[in-house]
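For reference, the chains in residue letters:
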Amino acid sequence: MPPLPIPMPTDLSTLLMAMDLVGVFVFGLSGGTLAVRKKLDLVGVMVLSLAAALAGGVVRDLLIGALPPASLGDDRYLLAALAAGLAAFLFHRPINRLGKPVMVLDAAGLGLFTVAGCSKALAYGLSPLPAALLGVMTACGGGAVRDLLVAEVPRVLREEIYAMAALLGAVVVIAGQRLELPPVPVAVVGVLAVFTLRVVSVLRGWSAPRAPGS
Amino acid sequence: MPPLPIPMPTDLSTLLMAMDLVGVFVFGLSGGTLAVRKKLDLVGVMVLSLAAALAGGVVRDLLIGALPPASLGDDRYLLAALAAGLAAFLFHRPINRLGKPVMVLDAAGLGLFTVAGCSKALAYGLSPLPAALLGVMTACGGGAVRDLLVAEVPRVLREEIYAMAALLGAVVVIAGQRLELPPVPVAVVGVLAVFTLRVVSVLRGWSAPRAPGS
Amino acid sequence: MPPLPIPMPTDLSTLLMAMDLVGVFVFGLSGGTLAVRKKLDLVGVMVLSLAAALAGGVVRDLLIGALPPASLGDDRYLLAALAAGLAAFLFHRPINRLGKPVMVLDAAGLGLFTVAGCSKALAYGLSPLPAALLGVMTACGGGAVRDLLVAEVPRVLREEIYAMAALLGAVVVIAGQRLELPPVPVAVVGVLAVFTLRVVSVLRGWSAPRAPGS
């Protein structure tokens, strides 16, 4: 969720920030529209929007000791999440009708958050295995908190290819670092890998496997 | 929940500490009596009492990096919360009958926790928007965790004027700081604003708005 | 969950690490098998295994400011938890049939985690009351998070002697430190006290008390 901790030209940095804020907004929409469906009030809509958009990155920053969390240090993240909540509150019906475009933007957010989360964990000195898990948690944790706040089992634990798509992106980032490849192209490939696997899996109706005989 | 991080005369500081512990105790009662209603055992009653009383402040301290959290550094907070749990365990019936007095004390706790939480976040260098949100979270987070522990959607997300009353107090604190007004009177006004809005909204049966057409 | 922060001979340290990893694995099994029963997918099984095994220690380390948490700094903890998840995914039926051996190993984990958690909190300067609570939380928090992730009221709040057995071990550690007894024998007695009370309480069907008239 924060800008990638990688040296990069200003234009790319601006582009990434813009994409990051789009990711926050779309994740926020998923929280706000769920809150409206669950008949929560305005407070509930804003809280679920904030949680869905920012909780994954906040928990990652707590765990690596990057305090205060990035989304509390730059008002644009909070404002993007609150704007998503307000949009969901006012326009939940047209937003719910936009199933496919929202899914595509969500897949882009999934890729960005995974790669940013994994890269930040590596930059803070974590070894590859916990860094990969924190990358997945950055991207999937907000949605899990969103679902828990309405007392539901998180969807990410039950169905579809969501965390597994994120894991693919984390593996790309880790492999790129191990092979000492240049970080920016590796990040781009990582985001695209997550995005592609997620979108294809939705279109094809793929799901993660269940325990044999369960 | 911790004493306000503001220079103040000793008498006022003692008064605030006493009011703070009353807030912890009353919030703890809300957790303990809910646990009894949900047929939890003694462990559940004590845990819900601790969570309702202290979780909001603990999460705030985690997020601003004030470690260990204030309530783990001064035994009086833990003792007040545990005393509330024990009182709920032994005397849940008479406590449940005291609906209105408990609501009034809870409203006072809501005001104190909001103002203390927002002031502490500002003192740790956060900007106004995240500081206001952390103030609301300090006051409302414990009740949300309490409800989540019994697998219910937090009441604060669904009904009544609770987080919105807290938000009013946070706005008072932020405005006072911006206008460079003296902090003690501003804090008093902030607490009174939360208290008044909360009590009036309960007496009048006000609720936060729901999404149009939801 | 981390090695006890106590000077000790290498052999004992190795033994403790091995026991600690057994505790992580058995707690992980409780998460993984619950996930299979709840029809979660492979992601859900691995996440519940990680949560049950490691969340208690992670929250303790967050609260005392020991960052990054011990289980993110030594891959063996993550690998033990993931191995438990994989075992639960593949072999949930035979594991579920092993009720009593799993309960005995779980009781050993309960004792180890409590004593390690309480000792670490004391080593970080916390006073006895919060250190005892953090010891109990280290041992019981993972199971609580595991249950919350499937939208259930945590079992530890409802039934059996589980947190109370952990509390006994924390009291032993605190008393030993107060009386300046040598830490290693005190730790052994603490673990055995938790283990014995837990196993006996299961065999006898004891439960924690409920509120009178609830």
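An unreviewed UniProt entry annotates chain A as Glycine transporter domain-containing protein of Azospirillum thiophilum. In its Subcellular location (unreviewed entry) section, UniProt records this for chain A: "Cell membrane".

Enquirer: If you had to explain the overall build of chain A to someone new, which residues and values would you point to?
Expert: For chain A, the helix and strand inventory stands at eight helices and zero strands. Mapped from its N terminus to its C terminus, chain A presents α and β elements in the order α-α-α-α-α-α-α-α. Taking 2.2 N^0.38 as the reference for a compact globule, 214 residues should give roughly 17 Å; the C-alpha atoms of chain A span a radius of gyration of 16 Å, in line with that estimate. Projected onto its principal axes, the C-alpha coordinates of chain A cover approximately 50 × 50 × 30 Å. Excluding contacts between residues fewer than 6 apart, the proportion of contacts in chain A whose partners are at least 24 apart in sequence is 75%. Carbon and sulfur atoms make up 69% of the accessible area of chain A, which totals about 8500 Å².

Enquirer: Describe helix H5 (residues 99–123) of chain C, with residues and values.
Expert: With 25 residues, H5 of chain C extends 36 Å from end C-alpha to end C-alpha; this agrees with the ideal 36 Å at 1.5 Å per step. One or two positions beyond H5 of chain C, positive phi appears at glycine 125 of chain C, with a value near 90°.

Enquirer: How would you sum up the UniProt feature "transmembrane region" (unreviewed entry) in chain A? Please name residues and give values.
Expert: All names here are of chain A. This chain's UniProt record puts "transmembrane region" (unreviewed entry) on residues 12–35, 42–64, 76–92, 104–123, 129–149, 161–179 and 185–206. Between the C-alpha atoms that bound residues 129–149 there is a distance of 29 Å. The span itself is 100% helix and 0% strand. Split by type, residues 161–179 is 84% helix and 0% strand. Its first and last C-alpha atoms lie 27 Å apart.

Enquirer: Now, about the relation of the copies chain B and chain A: what can you tell me, with residues and values included?
Expert: Rotating chain B by 120° and moving it 0.0 Å along the rotation axis overlays it on chain A with an RMSD of 0.0 Å. Here the two chains are linked by the operation of a three-fold rotation axis. Ranked by how close their C-alpha atoms come to the rotation axis, the residues of chain B are headed by alanine 151 of chain B, at 3.3 Å. Residue by residue, only 11% of the interface of chain B is reproduced at the interface of chain A, so the copies engage with different surfaces.

Enquirer: Describe the packing of helix H6 (residues 128–149) of chain B against helix H7 (residues 163–178) of chain B, and please don't skip the residues or the numbers.
Expert: All names here are of chain B. Axis separation between H6 and H7 bottoms out at 9 Å; the angle between their running directions is 140°. By the criterion of interaxial angle, the relationship of H6 to H7 is oblique. Considering how the two elements wind past one another, H6 and H7 form a crossing that is right-handed. Each of Pro128, Ala131, Ala132, Val136, Ala139 and Cys140 in H6 lies in contact with H7, whose residues at this interface are Ala163, Ala166, Leu167, Ala170, Ile174 and Arg178. Looking at side-chain class alone, the contact of H6 with H7 contains eleven nonpolar, no polar and one charged residues.

Enquirer: An account of the pattern of salt bridges is needed here, citing residue identities and associated values.
Expert: Enumeration over the complete set of coordinates arrives at 24 salt bridges over all chains. The salt bridge involving arginine 60 of chain C is made with aspartate 61 of chain C; its shortest N-O contact spans 2.9 Å. A single network of salt bridges, built from pairs that share partners, joins Arg155, Glu159, Glu160 and Arg198 of chain A.

Enquirer: Which residues make up the interface of chain B and chain A, and what are the values?
Expert: If you look at the interface, chain B gives 28 residues, while chain A gives 28 residues. With both sides pooled, the region where chain B packs onto chain A buries about 2200 Å², and carbon together with sulfur makes up 72% of that total. Among the residues of chain B in contact with chain A, Leu63, Leu129 and Leu157 of chain B are the three that bury the most area, contributing 27% of the side total. Run the count over chain B and chain A and you get zero salt bridges. Taken together, the elements giving at least two residues each to the side of chain B that touches chain A come down to helix H2 (42–64), H6 and H7 of chain B. The greatest single-element share of the side of chain B that touches chain A, amounting to five residues, is contributed by H6 of chain B. Taken together, the residues of the side of chain B that touches chain A break down into 19 nonpolar, four polar and five charged.

Enquirer: I'd love a proper account of the relation of the copies chain C and chain B, names of residues and values included.
Expert: The transform that puts chain C on chain B rotates by 120° and translates by 0.0 Å along the axis, for an RMSD of 0.0 Å. Take the interface residues of chain C: only 11% of them recur as interface residues in chain B, which is what a contact between different surfaces looks like.

Enquirer: Lay out the UniProt feature "domain: Glycine transporter" (unreviewed entry) in chain A in plain terms, naming residues and giving numbers.
Expert: Residues and elements named next belong to chain A. According to UniProt, the positions carrying the feature "domain: Glycine transporter" (unreviewed entry) are residues 18–93 and 104–176. The span residues 18–93 shows a helical share of 87% and a strand share of 0%, and its end C-alpha atoms are spaced 26 Å apart. Secondary structure across residues 104–176 divides into 77% helix and 0% strand, with the first and last C-alpha atoms of the span separated by 25 Å.

Enquirer: Provide a residue-level description of the interface of chain C and chain B, including the pertinent values.
Expert: The interface of chain C with chain B comprises 28 residues on the first partner and 28 residues on the second. Both sides together, the interface formed by chain C and chain B hides about 2200 Å², and carbon and sulfur atoms give 72% of it. A per-residue breakdown of the area chain C buries against chain B is headed by Leu63, Leu129 and Leu157 of chain C, which together make up 27% of the total. Linking chain C with chain B are zero salt bridges.

Enquirer: Can you explain a nonpolar patch on the surface? Please cite residues and give values.
Expert: Judged by side-chain polarity, Leu86, Leu90 and Phe91 of chain A come together as a nonpolar surface patch covering roughly 290 Å² of accessible area. If you trace the backbone, leucine 86 of chain A turns up in helix H4 (residues 75–97).

Enquirer: Before we move on, could you go through the nonpolar core and cite the residues and values that matter?
Expert: Burial of nonpolar side chains together is a common tendency in soluble globular proteins. Cys140 of chain A, Cys140 of chain B together with Cys140 of chain C are the most contacted members of the largest nonpolar core, which totals 192 residues. Setting aside anything within four residues of it in sequence, one finds cysteine 140 of chain B in contact with Leu110, Val156, Tyr162, Ala163 and Ala166 of chain B.

Enquirer: I'd like to hear about unusual backbone geometry, residue by residue, with values.
Expert: The linkage connecting leucine 67 of chain B with the following residue, proline 68 of chain B, adopts the cis geometry, with an omega of -10°. Its identity is not glycine, yet glutamate 160 of chain A carries a phi of approximately 65°, on the positive side. Residue placement: glutamate 160 of chain A occurs in the loop between helix H6 (128–149) and helix H7 (163–178). At glutamate 180 of chain C, a residue that is not glycine, the phi angle is positive and equals roughly 55°. Tracing the backbone shows glutamate 180 of chain C in the loop between helix H7 (163–178) and helix H8 (183–204).

Enquirer: So what's going on with the packing of aromatic side chains? Which residues, and what values?
Expert: All names here are of chain A. Applying the stated criterion across every chain yields a total of three aromatic pairs over all chains. For the pair phenylalanine 27 and phenylalanine 113, a centre-to-centre distance of 4.7 Å together with 40° between the ring planes defines the contact as tilted. On the criterion of sequence distance, the pair formed by phenylalanine 27 in helix H1 (residues 10–37) and phenylalanine 113 in helix H5 (residues 99–123) is long-range, its members being 86 residues apart. Phenylalanine 113 shares its class with phenylalanine 27; the two are buried.

Enquirer: So what about the side chain of arginine 198 of chain C? Which residues, and what values?
Expert: As for its placement among the helices and strands, arginine 198 of chain C is situated in helix H8. Sequence-distant contacts of arginine 198 of chain C, defined by excluding residues within four places in its chain, comprise Ala107, Leu110, Glu160, Ile161, Tyr162 and Ala165 of chain C.

Enquirer: Any chance you could break down the state of the cysteines for me, citing the residues and the numbers?
Expert: Put plainly, a disulfide is one covalent bond tying together the sulfur atoms of two cysteines. For the structure shown, the criterion picks out zero disulfides over all chains. Cysteine 140 of chain A carries a free sulfur, and the closest cysteine sulfur to it, the one in cysteine 118 of chain A, is 13 Å from it.

Rules used in this analysis
- Residues numbered from 1 in each chain as written.
- Chains lettered and ligands numbered in written order.
- Predicted model: local features only at pLDDT ≥ 70, side-chain atom pairs only at ≥ 80, totals over all residues.
- Heavy atoms only, no water.
- UniProt positions renumbered as here; feature names shortened; annotations may be inferred.
- Helix = DSSP H or I, 4+ residues; strand = E, 2+ residues; numbered from the N terminus.
- Rg over C-alpha atoms; globule rule 2.2 N^0.38 Å.
- Contact = heavy atoms within 4.5 Å.
- Areas by Shrake-Rupley, 256 points an atom, 1.4 Å probe, with all protein chains shown as cover.
- Expected span 1.5 Å × (residues − 1).
- Least-squares fit on C-alpha atoms with pLDDT ≥ 70 in both.
- Axes fitted to C-alpha atoms, helices over the stretch in contact; angles between N-to-C directions.
- Parallel < 35°, antiparallel > 145°, perpendicular 65-115°, else oblique.
- Left-handed = near helix turned anticlockwise from the far one by under 90°.
- Nonpolar A, V, L, I, M, F, W, Y, C, P; charged D, E, K, R; others polar.
- Salt bridge = Lys/Arg side-chain N within 4 Å of Asp/Glu carboxyl O.
- Buried area = accessible area lost by both parts, 1.4 Å probe.
- Patch = residues over 30% accessible without salt bridge, like charges linked within 9 Å, V, L, I, M, F, W, Y side chains within 5 Å.
- Core = buried A, V, L, I, M, F, W, Y, C linked by side-chain atoms within 4.5 Å.
- Buried < 20%, exposed > 50% of the residue type's maximum accessible area, 1.4 Å probe, protein only.
- Phe/Tyr/Trp six-rings, centres within 6.5 Å; stacked < 30°, edge-to-face > 60°.
- Disulfide = S-S within 2.5 Å.

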